[in-house]
Amino acid sequence: DEIDKVNKELAKSQTFLERVNNKWQEWQTVAVGAVGAATGIVMAGKAAVQAYAEMDQEMASVRKYTGMTTEEVEHMNEAFKKLDTRTSREDLNKLAQEAGRLGKSSEEDVLGFVRAANQINVALDDLGDGATLTLSKLTSIFGDEERLGTEKSLLAVGSVINELSQNCTASAPYLANFAQRIAGVANTAEMSIPQIMSFAAVLDANGQACEMSASNLGKLIMMLYKDPGKIAAQVGMNVDQFTAALKRSTNEGVLMFLDHIHAMGSDEGLLKLAPLFKDLGMDSVRLSQVLSTLANNTDMLRWELGEAQTAFEQATSVTTEYNVQNTTVQAGLEKAKKGFKEMAITLGKELMPALRHVI
């Protein structure tokens, strides 16, 4: 009883602030947690709205470059959501912007480009940024896009690169870069993408620099076209047979020329050609390196030509590789992150009006 009396007297002597402080000590953990939760909700909402805003910006850029309407872009993005890919929707929209820069404006063409470019980027990730732009330009230069359509022509070229880079030590970036450098000359000479990439594969596998090899192979092709009779006579070839082979196919004529140089012995053949190179103002040393490499590897070149042509016609090699790369553990994680972000974007769209006031 006495202790109770003392406690009551002590309680009465506490000030208002002391009593408030005591209550705060009891409830501060709950209060801080509530404030933290409220702050977290606001920040999460802000992040969701930001994700929606970034996606909307990418879609606006698609409209800018393709000339498509808002409804068409939104409809196309619904198709993007259904794609089974590890690539984010933002990156798919960036591919759509690439399609617009290439002059594609219909939903069908843009979507076809995105589907094919996405497969190439996933399957051949070492190609680097902008590679699909380069490959699409190649299909246009060589007329493959007009014959096969946007999507299939890209898949065909991607399949050639995938097949050749798996067959030997040639790298995918080398093949694409080589083809880009020699495209003008090769197209004029009526060569195909599989053919020039086969030459590139042999040259890369044998350690020849890309820029030098493409430049000198282009010069060789133009030299053969300019005066086939003079070149054939210089190395002792049958002029009529060589000229006829060139008329049938540049590729056939070049192979005949390389076979003859190899049969002579590349050193002897190049020695006979050296004065001609000099007259034409060519760098005989570098051109000789390219010719010697090709002449000494004609069997490999013919095999690569066959593989490349088959891959181009089937246009499935890059899709097969895409299916492998799109089902790895890392791909699963990226798809999970992608799904979470899609939910955030949907939430952000709904929260946008409310967050304007919060901000």
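Just above sits the structure.
Reference entry: report on the structure contained in this document. (Residues numbered from 1 in each chain as written. Predicted model: local features only at pLDDT ≥ 70, side-chain atom pairs only at ≥ 80, totals over all residues. Heavy atoms only, no water.)

1. Observations concerning the overall build of the chain
In step 1: Check the secondary structure of the chain and you find 19 helices and zero strands.
In step 2: For 359 residues, the compact-globule formula gives about 21 Å, and the C-alpha radius of gyration of the chain, at 33 Å, lies well above that figure.
In step 3: Across the 359 residues that make up the chain, the buried fraction comes to 43%.
In step 4: Counting only contacts in the chain whose residues sit at least 6 apart along the sequence, the fraction spanning at least 24 positions is 74%.
In step 5: Surface summary for the chain: the accessible area is close to 18700 Å², and the carbon and sulfur share equals 53%.
In step 6: Each charge sign in the chain was given a centre, from 35 positive and 47 negative side chains, and these centres are 5 Å apart. (Helix = DSSP H or I, 4+ residues; strand = E, 2+ residues; numbered from the N terminus. Rg over C-alpha atoms; globule rule 2.2 N^0.38 Å. Buried < 20%, exposed > 50% of the residue type's maximum accessible area, 1.4 Å probe, protein only. Contact = heavy atoms within 4.5 Å. Areas by Shrake-Rupley, 256 points an atom, 1.4 Å probe, with all protein chains shown as cover. Lys, Arg positive; Asp, Glu negative; His and termini not counted. Charge placed at Lys NZ, Arg CZ, Asp CG, Glu CD.)

2. With respect to helix H17 (residues 298–314)
In step 1: Taking 1.5 Å per residue as the helical rise, H17 with its 17 residues ought to reach 24 Å, and the 24 Å between its terminal C-alpha atoms agrees with that figure.
In step 2: Listing the buried residues of H17 in full gives Thr298, Leu301, Glu304, Leu305, Ala308, Ala311 and Phe312. The buried residues of H17 occupy one face: seen down the axis, they fall within an arc of 145°. Pointing more than 90 degrees away from the buried face of H17 are the exposed residues Asp299, Glu313 and Gln314.
In step 3: Looking one or two residues past H17, Ala315 carries a phi angle of roughly 55°, positive in sign. (Expected span 1.5 Å × (residues − 1). Arc of directions from axis to C-beta.)

3. Brief notes about the packing of aromatic side chains
In step 1: Applying the stated criterion to the full structure yields two aromatic pairs.
In step 2: Aromatic side chains Tyr174 and Phe178 sit 6.2 Å apart centroid to centroid with 15° between the ring planes, which places their arrangement in the stacked category. Placement of both Tyr174 and Phe178 in helix H9 (residues 172–188) is noted, with a separation of four residues, approximately one turn of the helix.
In step 3: The exposure class assigned to Tyr174 is buried, which follows from its relative accessible area of 9%.
In step 4: A residue is classified by how much of its surface remains accessible, and Phe178, at 0% relative accessible area, is buried. (Phe/Tyr/Trp six-rings, centres within 6.5 Å; stacked < 30°, edge-to-face > 60°.)

4. Considering helix H13 (residues 239–248)
In step 1: Listed in full, the buried residues belonging to H13 are Phe242, Ala245 and Leu246. Angular distribution of buried residues about the axis of H13 spans 100°; they occupy a single face of the element. Of the residues in H13, the exposed ones pointing more than 90 degrees away from the buried face are Asp240, Lys247 and Arg248.
In step 2: Buried residues along H13 sit against helix H11 (210–226), helix H12 (228–234) and helix H14 (250–264).
In step 3: The N-terminus of H13 is capped by Asn238, whose side-chain oxygen sits 3.1 Å from the backbone nitrogen of Asp240. (Polar contact = N/O pair within 3.5 Å; in protein donor to acceptor, adjacent residues only side chain to side chain.)

5. Some points on the packing of H9 against H11
In step 1: Where H9 meets H11, the axes come as close as 9 Å, and the angle between the chain directions of the two elements is 30°. Judged by the angle between their axes, H9 and H11 are roughly parallel. Considering only the axes of H9 and H11, their crossing is right-handed. Where H9 approaches H11, its residues Tyr174, Asn177, Phe178, Arg181, Ile182 and Val185 are matched on the opposing element by Cys210, Glu211, Ser213, Ala214, Leu217, Gly218, Ile221 and Met222. (Axes fitted to C-alpha atoms, helices over the stretch in contact; angles between N-to-C directions. Parallel < 35°, antiparallel > 145°, perpendicular 65-115°, else oblique. Left-handed = near helix turned anticlockwise from the far one by under 90°.)

6. Examining the packing of helix H8 (residues 150–167) against H17
In step 1: Viewed as axis vectors pointing N to C, H8 and H17 meet at an angle of 145°, and their least axial separation amounts to 8 Å. Relative to H17, H8 is oriented so that their crossing is right-handed. In contact with Ala156, Val157, Ser159, Val160, Glu163, Leu164 and Asn167 of H8, H17 contributes Trp303, Glu304, Glu307, Ala308, Ala311 and Phe312.
In step 2: In terms of residue class, the contact of H8 with H17 is built from eight nonpolar, two polar and three charged. (Nonpolar A, V, L, I, M, F, W, Y, C, P; charged D, E, K, R; others polar.)

7. Focus: the nonpolar core
In step 1: If you look at the biggest cluster of nonpolar residues, it comprises 88 residues, and the most contacted ones within it are Leu135, Ile161, Phe178, Met197 and Phe257.
In step 2: Residues in contact with Phe178, not counting those within four places in the same chain, are Ile196, Ala200, Leu203, Cys210, Ser213, Ala214 and Leu217. (Core = buried A, V, L, I, M, F, W, Y, C linked by side-chain atoms within 4.5 Å.)

8. Some thoughts on a negative patch on the surface
In step 1: A cluster of acidic side chains, namely Asp56, Glu71, Glu72 and Glu74, defines a negative patch on the protein surface.
In step 2: Following the sequence through the fold, Glu72 ends up in helix H3 (residues 70–82). (Patch = residues over 30% accessible without salt bridge, like charges linked within 9 Å, V, L, I, M, F, W, Y side chains within 5 Å. Salt bridge = Lys/Arg side-chain N within 4 Å of Asp/Glu carboxyl O.)

9. Brief notes about the pattern of salt bridges
In step 1: According to the stated counting rule, one finds eleven salt bridges in the structure shown.
In step 2: In this structure, Glu78 and Lys81 form a salt bridge, with 3.1 Å as the shortest nitrogen-oxygen distance. With Glu78 and Lys81 both in helix H3, this residue pair falls three residues apart, about one helical turn.
In step 3: We classify Lys81 as partly exposed; its relative accessible area is 40%.
In step 4: The partner of Glu145 in a salt bridge is Lys104, with the nearest N and O atoms 2.3 Å apart. Of this pair, Glu145 sits in helix H7 (residues 144–148) while Lys104 sits in the loop between helix H4 (89–101) and helix H5 (107–123), placing them 41 residues apart in sequence.
In step 5: Overall, the relative accessible area of 18% leaves Glu145 in the buried class.
In step 6: Residue Lys104 is classed as buried on the basis of its relative accessible area of 7%.

10. A short note on the state of the cysteines
By definition, a disulfide links the sulfur atoms of two cysteines through a covalent bond.
In step 1: Using the criterion set out here, one finds zero disulfides in the structure.
In step 2: Here Cys210 is not disulfide-linked; the sulfur of Cys168 is the nearest cysteine sulfur, at 14 Å.
In step 3: Residue Cys210 is classed as buried on the basis of its relative accessible area of 11%. (Disulfide = S-S within 2.5 Å.)

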